[in-house]
Amino acid sequence: MRASRLYAPTLKETPSDAEVVSHQLLTRGGYIRKLTAGVYDYLPLAHRVLRNIEEIIRQELNRAGAQELLMPTVQPAEIWEESGRWQKYGPELLRLKDRKGSDFCLGPTHEEVIVDLVRRDVRSWRQLPINLYQIQGKFRDEIRPRAGLMRGREFIMKDAYSFDVNEEGALQSYDAMYKAYQRIFTRCGLDFRPVEADTGSIGGSRSHEFQVLAESGEDAIVSCDSCEFAANVEQAELVIRGESLSSSPEMKVLTKVHTPNQKSIEAISSALDVDKKSCVKTLVMIADDQAVMVLVRGDHEVNDIKVKKLLDAQEIRMATEEEIKELGLVSGFIGPYQASNQAQKATWLVDQALKGKVNLVVGANELDYHFSGVSLERDCPQLDRYADVRLAEAGDACPRCRGELRAFKGIEVGHVFYLGTKYTKAMKCNILDENGQETPIVMGCYGIGVTRVMAAAIEQNHDQDGIVWPVSLAPFKLHILTLQSNKEDVVSCAEGFYNEALDMGIDVLYDDRDLRAGGKFKDADLIGIPFRIAIGGRGLKEGVVEVKKRSEKTVYKVPTTQVMQVIAQELAGQNALNSFTE
RNA sequence: CGGGGUGUGGCGCAGUCUGGUAGCGCACCUGUUUUGGGUACAGGUGGUCGGAGGUUCGAAUCCUCUCGCCCCGACCA
């Protein structure tokens, strides 16, 4: 491809609405343009990257025995009503009507469609296992699209669905996909970690996320530094650290203290000069319209997903200011001791880290007052439901080996779920097993955010000047620049290499534009192609051109006669540049 | 949805407080110049100032409504 013809308008300045690096660089490099919030055009460069990612996915999934197909984007409401998700999915599901007034939606995921497909055609256990996947545009009407491609409303996703006779088979399918994912993300040049995860609205019981480690990630994950354990903080189960307190701490007297306007744990702990660990946060949550009081240590964070699971609730949220008042509570001064009658009737959950703790500070349920010297078992004997309800954090003990957990930020690029029979039961997708018994098929489902992989790769591979693509994803592998476009020997040399590269089947971008060297270098760094050949009059006098890897600073002077061979070797993964000078 | 911010040629911004008929840089076009890290000079194209309504002799600027976009958002009890 000649740069003079390439549709890749680069920008000198960063667009003001781009916050994260991947969004900035993709926009500046002429890879993407925004159409509207969370919806983007993928220009030729981006399209090439996406095709590279898709190709890696195809190769690995096909190798794992999956088959590609393509399902519709527009889906009828009926199948969503069958699965129960027409009601449950919420406003994220973009719904529309056809001219007759029938309900449809834009597919955010395809469990319903694929189950409908499979139940028509599959009758016997002999036809299983089956694993089907597609690579397709998805639409989810996110509350708040953000960070460019990282959380868009329309995005490209690979979704796969496995169908097995029984749980054992399904777990084998799950395992095969898990391994395929590891190969896929490795080949994409990503630094990632598979982590245990919550199953979310897709449902199911066993699940791993594939998280790309990056500061800009939205997900918080913890991983053990002494074993393989890694999990999303929402999921990570916690164990009580055997903190050796002084064997029987003296229990202080319960005292009411004046704490004017001190509503936060921060304020209380500094005003009363007590450790945050000795304060108690009492949160009011609403689980399926029922009030729930949750107690955690002052320095801990509540994990609403754990609370939701514990109560077997469909929905969980924090109470509003009004709801708190209705319960007869005073926001900022809530506590378990002498709470209002209405509040007493609510469900109370206490984080296990508070079990047996003494001399705590809690809200007094009265404006501007707290109680200190509270010992839960002595003063609040009614609290009897202790459980793990908080978020994991760095320093917590590993639930497997008791090692120490470290915290990371991650970008979720892939997710694998063991689904079980959730959808096949609801939609009557049955087979006859070996014994002639009718039984629901056991499913798994597996997603990869293709567009998000592209963004994540940039979050992990960039410098001040632009993108540094892993070779496997790069839109072109080789970038040839002429440093002076008016010198005949320079141009003819470049044309020669360009044609040679084309003959060799190398994806090559040839910057033949009538630009000064500076501009070409800037664009080359921005776009991020792994290998660059710069041809200038100075070098040609010595019979050399300059070869540089985007990922390294070093510029190598390579004789013109050897350049293409060296490039070919480097692209094949051999070190051929090291023997040249500079 | 709640909170905050913002909307002025393709991009980045000034002008808005204090009303007087739109400006700068980049990009783009023409010419000359320059040619190894975004050359220099000259000339030029392009804007219903997000939209609607209002106040006024006069509105980018003041008022009302509305739309888009960006950021933050359980709590920190």
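All values reported here derive from a predicted model rather than from experimental measurement. (Residues numbered from 1 in each chain as written. Chains lettered and ligands numbered in written order. Predicted model: local features only at pLDDT ≥ 70, side-chain atom pairs only at ≥ 80, totals over all residues. Heavy atoms only, no water.)

What about the packing of helix α1 (residues 21–28) against helix α13 (residues 450–460)?
Their axes nearest at 8 Å, the elements α1 and α13 cross at an angle of 105 degrees. Regarding the angle of α1 to α13, the classification is roughly perpendicular. Across the interface between the two elements, Val21, Ser22, Leu25 and Leu26 of α1 pack against Met454, Ala455, Ile458 and Glu459 of α13. (Axes fitted to C-alpha atoms, helices over the stretch in contact; angles between N-to-C directions. Helix = DSSP H or I, 4+ residues; strand = E, 2+ residues; numbered from the N terminus. Parallel < 35°, antiparallel > 145°, perpendicular 65-115°, else oblique. Contact = heavy atoms within 4.5 Å.)

What to know about the side chain of glutamate 570
Within the secondary structure, glutamate 570 is located in helix α17 (residues 563–571). A polar contact of 2.9 Å, which involves the side chain of glutamate 570, links it to the backbone nitrogen of alanine 576. The residues contacting glutamate 570, other than those within four sequence positions of it, are Phe531, Lys549, Asn575, Ala576 and Leu577. (Polar contact = N/O pair within 3.5 Å; in protein donor to acceptor, adjacent residues only side chain to side chain.)

As for helix α6 (residues 167–187)
Along its 21 residues, α6 runs 30 Å from first to last C-alpha, staying within 8% of the 30 Å computed at 1.5 Å per residue. Those residues of α6 that sit buried are Gly169, Ala170, Ser173, Tyr174, Met177, Tyr178, Ala180, Tyr181, Ile184 and Phe185. Looking one or two residues past α6, glycine 189 carries a phi angle of roughly 75 degrees, positive in sign. (Expected span 1.5 Å × (residues − 1). Buried < 20%, exposed > 50% of the residue type's maximum accessible area, 1.4 Å probe, protein only.)

Some details on the pattern of salt bridges
This model, assessed by the stated rule, comprises 29 salt bridges. Across the pair glutamate 55 and arginine 58 runs a salt bridge, and its minimum N-O distance is 3.8 Å. Note that glutamate 55 and arginine 58 are positioned in helix α2 (residues 44–63) at a spacing of three residues, about one turn of the helix. In this structure glutamate 55 comes out as partly exposed when scored by relative accessible area, which is 38%. (Salt bridge = Lys/Arg side-chain N within 4 Å of Asp/Glu carboxyl O.)

Comments concerning the pairing of strand β10 (residues 206–213)
A large share of β10 lies buried, amounting to six of its eight residues. As paired strands, strand β9 (residues 192–196) and β10 are joined by five bridges and run antiparallel to one another. Within β10, the residue paired with glutamate 196 across the bridge is histidine 208. Of the strand pairs in this sheet, β10 and strand β21 (residues 405–420) are connected by eight bridges, and their pairing is antiparallel. Counterpart to serine 207 in the pairing with β21 is phenylalanine 417. (Pairing = 2+ DSSP bridges.)

Observations regarding the protein's contact with RNA strand B
In the vicinity of RNA strand B lie 48 residues, with Lys263, Ser264, Ile265, Met318 and Glu546 positioned nearest. Within the contact set of RNA strand B, a base nitrogen lies 3.4 Å away from a backbone nitrogen or oxygen of threonine 282. Top contributing element to the surface near RNA strand B by residue count: helix α15 (residues 517–527), with seven residues. Residues of the surface near RNA strand B, tallied by class, amount to 17 nonpolar, 14 polar and 17 charged. (Near = heavy atom within 4 Å. Nonpolar A, V, L, I, M, F, W, Y, C, P; charged D, E, K, R; others polar.)

Focus on the sheet that holds strand β6 (residues 103–106)
Taken together, the three strands give an open sheet; going across it, the order is β4-β6-β5, and neighbouring strands pair in antiparallel fashion. Lying at the two open borders of the sheet, with one neighbouring strand each, are β4 (74–76) and β5 (95–97). Pairwise comparison of adjacent strand axes, ignoring direction, gives a mean angle of 40 degrees for this sheet. Relative to β6, β5 runs antiparallel, the two being bridged by three bridges. Among the inter-strand pairings, lysine 97 is bridged to a residue of β6, identified as aspartate 103.

Observations regarding the packing of aromatic side chains
By the definition in use, this model includes 10 aromatic pairs. Taking the centre distance of 6.2 Å and the plane angle of 40 degrees together, the rings of phenylalanine 192 and phenylalanine 210 count as tilted. Taken as a pair, phenylalanine 192 in strand β9 and phenylalanine 210 in strand β10 lie far apart in primary sequence, 18 residues in all. Owing to a relative accessible area of 0%, phenylalanine 210 belongs among the buried residues under this scheme. Among the aromatic residues, those joined into a ring-pair cluster are Tyr178, Tyr181, Phe185, Phe192 and Phe210. (Phe/Tyr/Trp six-rings, centres within 6.5 Å; stacked < 30°, edge-to-face > 60°.)

Quick notes on the pairing of strand β30 (residues 544–549)
Burial within β30 is extensive, with five of its six residues counted as buried. Where strand β29 (residues 531–535) and β30 come together, four bridges link them in antiparallel fashion. Within β30, the residue paired with arginine 532 across the bridge is lysine 548. Pairing between β30 and strand β31 (residues 555–559): five bridges, direction antiparallel. Opposite glutamate 546, over in β31, you have lysine 557 as the bridge partner. Adjacent in sequence and paired antiparallel, β30 and β31 are bridged by five residues.

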